[in-house]
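As a plain string of letters, each chain reads:
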There are 2 protein chains.
Amino acid sequence: MDLNELKIFLEVYRTGTISSAAEKLNTVQSNVTARLKKLEDELNVCLFYRKSRGVEITSDGKRLLPFAKKIMSAAAEINAEFKFKPLCKGEVRIGLTDTTFAECLPSAMAAYKKKYPEVELTIKTDASSALVEDIIGYRLDGAFTGSVGGNENIESVHVCRVPAVLGGVKKEIESPSAMIVFKKGCSYRDVTEKWALSSGKQNIKIIEFSTLDGILGCVSAGLGVTCMPEKVLRKYGVPFEEIEEDFSLVETNYIYRRDVKPSAAADAFASLLRKNFLTETD
Amino acid sequence: MDLNELKIFLEVYRTGTISSAAEKLNTVQSNVTARLKKLEDELNVCLFYRKSRGVEITSDGKRLLPFAKKIMSAAAEINAEFKFKPLCKGEVRIGLTDTTFAECLPSAMAAYKKKYPEVELTIKTDASSALVEDIIGYRLDGAFTGSVGGNENIESVHVCRVPAVLGGVKKEIESPSAMIVFKKGCSYRDVTEKWALSSGKQNIKIIEFSTLDGILGCVSAGLGVTCMPEKVLRKYGVPFEEIEEDFSLVETNYIYRRDVKPSAAADAFASLLRKNFLTETD
DNA sequence: CCTATTTACGTCCACCGTAACAATA
DNA sequence: TATTGTTACGGTGGACGTAAATAGG
C-alpha cells in the first residue's frame, strides 16, 4: 500500500473520471489507471466500474473511502505539524553559565514563553566546560558558554565578547584576601585566576561557590574579589575596577552538536536569547 | 512521505537501534539509515540522536510518534477490512427470475443474512433478458438467469438444467384456452411458446402477468396453461404433465460482468444460492 | 575487538510519460 | 469525431543490498 495510491483513488472518486484526476494530480491517464489497478490488485477487489463516460465507485470502493480519507488527513497533519507550525511544540534544553543567566535570561524566557507557550523549556546552568559535556552527551540542545576548546563535534557561533572587571569592596581590591569564584571550568574563574597570576597574587586563597548570589554576597561582604561582567556587578551594587584587556575579554558563544539538526523550537529560543544578549550588553 | 518510512521510524524507535530494526524489517542497516535520513530531510528535523550504542529519539522524534502510529494503524485497518474480514460488509445486488426466486431464494437468503449480517443484500426479480441488461449497466453484481445470448462482456457459469412441465387443470391441458406467462424475455415463456408452436396451438391467447402468484393463480383457476419447473407447480399444487425434452429443458446460469471482479460478499452469496439451487432441484 | 552507524557504489524494479489502441456517445 | 479508459513500451530515479570505512567502549 502506498499513500500515493490512496491519494489517486480519492481524486478519481472526487472527479469521477480518470482523466480529470490525472490532470488534477499533474500526471497522465495511464499512470492513474496503473496505480488504481495496483491498489485493486493489492486489496483484491474492484474499486470502480469503468463506464464509457468516466468511472463509478463500487461497493468495495465505498468501503475503502473512509479509511483512505483517514490516512490522507493523518498524513496532512504531519505536514501541518512540521512544516506549517514548526515552532508550536516540543522540548528545548538550553544550557547557560550563571553569569549569562543573570545577564539576560529572565526577559528572554518571558518573551519566549509568550510566543511559544507549548514548548517545554528546560534551562540548566553550569560551568562552561560542564555545558560542553552536556552538549556532547546529547543532554542539551544548545548552550551559551565561554570559549571552549575546539571539539570537532561541536559547532560554535560567536555571540559577543565583553570585558570582565574586578569586583570587590575598596579594601579588597587594593589588597585582596581571596578570590571568590565558581568551580573549575567557569570562564570568569579563569579570568580571575589569570588576573591573580598577572598581578603576582597567585597564592591568594580561593573560595568556591556554586551560585552567583553566593559569590556576590561574599564579595559585597568584603571577603574577597571576583571577576565578572560589569553589568552583573552593577546590578548587584558591587564596586569594581577595570583590569587589563589582555585576559579580561570573555567570549560568549552559542554551541550545539554539529551532527544534530537543531529543532525549530531550539533555534528560535537560541536566536531570541542571542538577540537579548547582544542588546543588553551593548 | 511514505508509509514504509514511517514503519521504519517506528521500528527504530521500538528497538532502539538501527541494526535490530533492520533485522526485524528484513532489510539491511544501510537501508534503514537511508530511509530515516530521507524522512528527516522531508520533515527537516532530526528524529534520533546517533549514539555509540544505538540511537535515542529526539524531541522532534517524539512529536512525530503519535502521528506515525496513527497512520500505521489506519493502514493496518485497511488490511483487516479487506484481507482478514473480506465478507463482513458491503452491498450486494443480485438478480433472479421469479421462478428461481420461488424455488430457492428464501432459504438461501435466510442463511446468508445469518452468516454475513452486515452485508446489504438487494434482490431484484425480472425476466432473464432484463437481468442481462442490468448486469451490463452495472446495476447488478450478478444474476441467475435462463440461457442468454453470448455477450462478450458477460461471464456465464452453468448452474443446472431442469425440464419444464406443462401446468394446468386437466381440462386446460387437454384443450388449452390460453398461455399464462411472464413478459417477453422470460425463459419459461419461451418454453411455453415453443410448446404451443410444436403442438400446433400457435394461435392460442396469451395472458401476461408480472408475478408468479398471478400466473399460478390463473392456471389453478382453469384460465389457461403455463410451462414451469415441476418443483414450482408442486409447491403451488398445480397439476401438470411432462412435455417433450427437445424444448423443455431450461438452463439456469449465474452471470456477471467479465471486467468487474466480484466482491467477496457477492461471490459468497452467489455460491450459496447456487448450492441451494442444486440441492433443491436434485 | 566487537558492536553500531555511515558512506560508497552497483543493481534492479517500479513509477511515470509517450503513444497507439479500443470503446462509447 | 471527441472523450475516456487500457495496453505496450522505454527511460530513469529511487530503493535495496554488498562491502568498506568510521566511531565508540
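Residues numbered from 1 in each chain as written. Chains lettered and ligands numbered in written order. Predicted model: local features only at pLDDT ≥ 70, side-chain atom pairs only at ≥ 80, totals over all residues. Heavy atoms only, no water.

### Focus on the nonpolar core
One broad trend across soluble globular proteins is that nonpolar side chains are buried collectively. The biggest cluster of nonpolar side chains holds 54 residues, and the ones touching the most others in it are F9, V12 and L64 of chain A together with F9 and V12 of chain B. Apart from residues lying up to four places away in sequence, V12 of chain B is in contact with T17, I18, A21, V32, L36, F48 and V55 of chain B. (Core = buried A, V, L, I, M, F, W, Y, C linked by side-chain atoms within 4.5 Å. Buried < 20%, exposed > 50% of the residue type's maximum accessible area, 1.4 Å probe, protein only. Contact = heavy atoms within 4.5 Å.)

### A closer look at the protein's contact with DNA strand C
Among the 21 residues in the neighbourhood of DNA strand C, the closest are listed as T27 of chain A together with I18, S19, Q29 and R50 of chain B. Within 4 Å of the protein, the contacting atoms of DNA strand C are drawn from sugar and phosphate to the extent of 74%. Here S30 of chain A contributes a side-chain N or O atom positioned 2.9 Å from a base oxygen of DNA strand C. Between DNA strand C and R50 of chain B, the relevant distance is 2.5 Å, taken from a phosphate oxygen to a side-chain nitrogen or oxygen of the residue. When residues of the surface near DNA strand C are traced back to their parent elements, those giving at least two are helix 3 (29-43) of chain A together with helix 2 (18-24) and helix 3 (29-43) of chain B. In terms of residue class, the surface near DNA strand C is made up of three nonpolar, 13 polar and five charged. (Near = heavy atom within 4 Å. Polar contact = N/O pair within 3.5 Å; in protein donor to acceptor, adjacent residues only side chain to side chain. Helix = DSSP H or I, 4+ residues; strand = E, 2+ residues; numbered from the N terminus. Nonpolar A, V, L, I, M, F, W, Y, C, P; charged D, E, K, R; others polar.)

### Side note on the interface of chain A and chain B
On the chain B side, the residues contacting the 40 residues of chain A number 39 residues. Summing both partners gives a buried area of about 3,900 Å² for chain A against chain B, and 63% of it is carried by carbon and sulfur. Where chain A meets chain B, there are five salt bridges. The tally of links from chain A across to chain B stands at ten residue pairs in polar contact (both at pLDDT 80 or more). Breaking the side of chain A that touches chain B down by element, the ones donating at least two residues are helix 1 (3-15), helix 3, strand 1 (48-50), helix 4 (59-84) and strand 3 (91-96) of chain A. If one sorts the elements of the side of chain A that touches chain B by residue count, helix 4 of chain A sits on top with 16 residues. Split by residue class, the side of chain A that touches chain B holds 17 nonpolar, six polar and 17 charged. (Buried area = accessible area lost by both parts, 1.4 Å probe. Salt bridge = Lys/Arg side-chain N within 4 Å of Asp/Glu carboxyl O.)

### Looking at the relation of the copies chain A and chain B
Taken as rigid bodies, chain A and chain B are interconverted by a rotation of 180° and an axial shift of 0.0 Å, the fit giving an RMSD of 0.1 Å. On the angle and the small slide along the axis, the relation comes out as a two-fold axis. Across chain A, the smallest distance between a C-alpha and the rotation axis is recorded for I71 of chain A, namely 2.9 Å. Residue by residue, 98% of the interface of chain A is reproduced at the interface of chain B, so both copies engage with the same surface. (Least-squares fit on C-alpha atoms with pLDDT ≥ 70 in both.)

### Focus: the protein's contact with DNA strand D
Around DNA strand D, the surrounding shell holds 20 residues, and the nearest of these are I18, S19 and R50 of chain A together with T27 and R35 of chain B. Close to the protein, within 4 Å, the atoms of DNA strand D are drawn from sugar and phosphate at a rate of 75%. Of all the secondary structure elements, the ones that give two or more residues to the surface near DNA strand D are helix 2 (18-24) and helix 3 of chain A together with helix 3 of chain B. For the surface near DNA strand D, a count of residues per class yields three nonpolar, twelve polar and five charged.

### What to know about the UniProt feature "domain: HTH lysR-type" (unreviewed entry) in chain A
UniProt's feature table lists "domain: HTH lysR-type" (unreviewed entry) at residues 1-58 of chain A, given in the numbering used throughout. End C-alpha atoms of residues 1-58 of chain A are separated by 19 Å, and the span's content is 60% helix alongside 10% strand. (UniProt positions renumbered as here; feature names shortened; annotations may be inferred.)

### A closer look at the packing of helix 1 of chain A against helix 3 of chain A
The angle between the axes and the distance between the axes are what describe a pair of packed helices. Residue and element names in this part refer to chain A. Helix 3 packs onto helix 1 with a crossing angle of 110° between their chain directions and a minimal axis gap of 9 Å. Overall, the two elements helix 1 and helix 3 adopt an arrangement that is roughly perpendicular. Each of E5, L6, I8, F9 and V12 in helix 1 lies in contact with helix 3, whose residues at this interface are V32, R35, L36, K38, L39 and E42. Residue composition of the contact of helix 1 with helix 3, by class: seven nonpolar, no polar and four charged. (Axes fitted to C-alpha atoms, helices over the stretch in contact; angles between N-to-C directions. Parallel < 35°, antiparallel > 145°, perpendicular 65-115°, else oblique.)

### Remarks on the packing of aromatic side chains
The description of an aromatic ring pair uses the distance of the two centres, along with the angle that the planes make with each other. Under the counting rule described, the total for this entry stands at nine aromatic pairs over all chains. Each ring, one from Y254 of chain A and one from Y256 of chain A, has its centre 5.9 Å from the other, and the planes form 40°; the classification is tilted. Both rings, one in F144 of chain B and one in Y254 of chain B, keep their centres 4.9 Å apart while their planes meet at 50°; by these two values the pair is tilted. Of this pair, F144 of chain B sits in strand 5 (residues 142-145) while Y254 of chain B sits in strand 11 (residues 249-257); the two residues are 110 residues apart in sequence, bridging distant segments of the chain. Joined through ring pairs, the aromatic side chains of F144, Y254 and Y256 of chain A make up one cluster. The residue whose ring lies beneath R63 of chain A is F82 of chain B, and the NZ or CZ to ring-centre distance is 4.6 Å. (Phe/Tyr/Trp six-rings, centres within 6.5 Å; stacked < 30°, edge-to-face > 60°. Lys NZ or Arg CZ within 6 Å of the ring centre and 35° of its normal.)

### Regarding the domain arrangement of chain A
Residue and element names in this part refer to chain A. Along its sequence, chain A is carved into domain 1 (3-84), domain 2 (90-161 + 251-276) and domain 3 (163-248). The C-alpha centroid of domain 3 is placed 25 Å from the C-alpha centroid of domain 2. Across the contact, eleven residues belong to domain 2 and 16 residues belong to domain 3. Both sides together, the interface formed by domain 2 and domain 3 hides about 930 Å², and carbon and sulfur atoms give 56% of it. Across the pair D126 and K183 runs a salt bridge whose closest N-O atoms are separated by 3.0 Å. Breaking the side of domain 2 that touches domain 3 down by element, the ones donating at least two residues are helix 5 (98-115) and helix 6 (128-136). Ranked by residue count, the leading element in the side of domain 2 that touches domain 3 is helix 5, at four residues. Residues of the side of domain 2 that touches domain 3, tallied by class, amount to two nonpolar, five polar and four charged. (Domains from an automatic or database assignment.)

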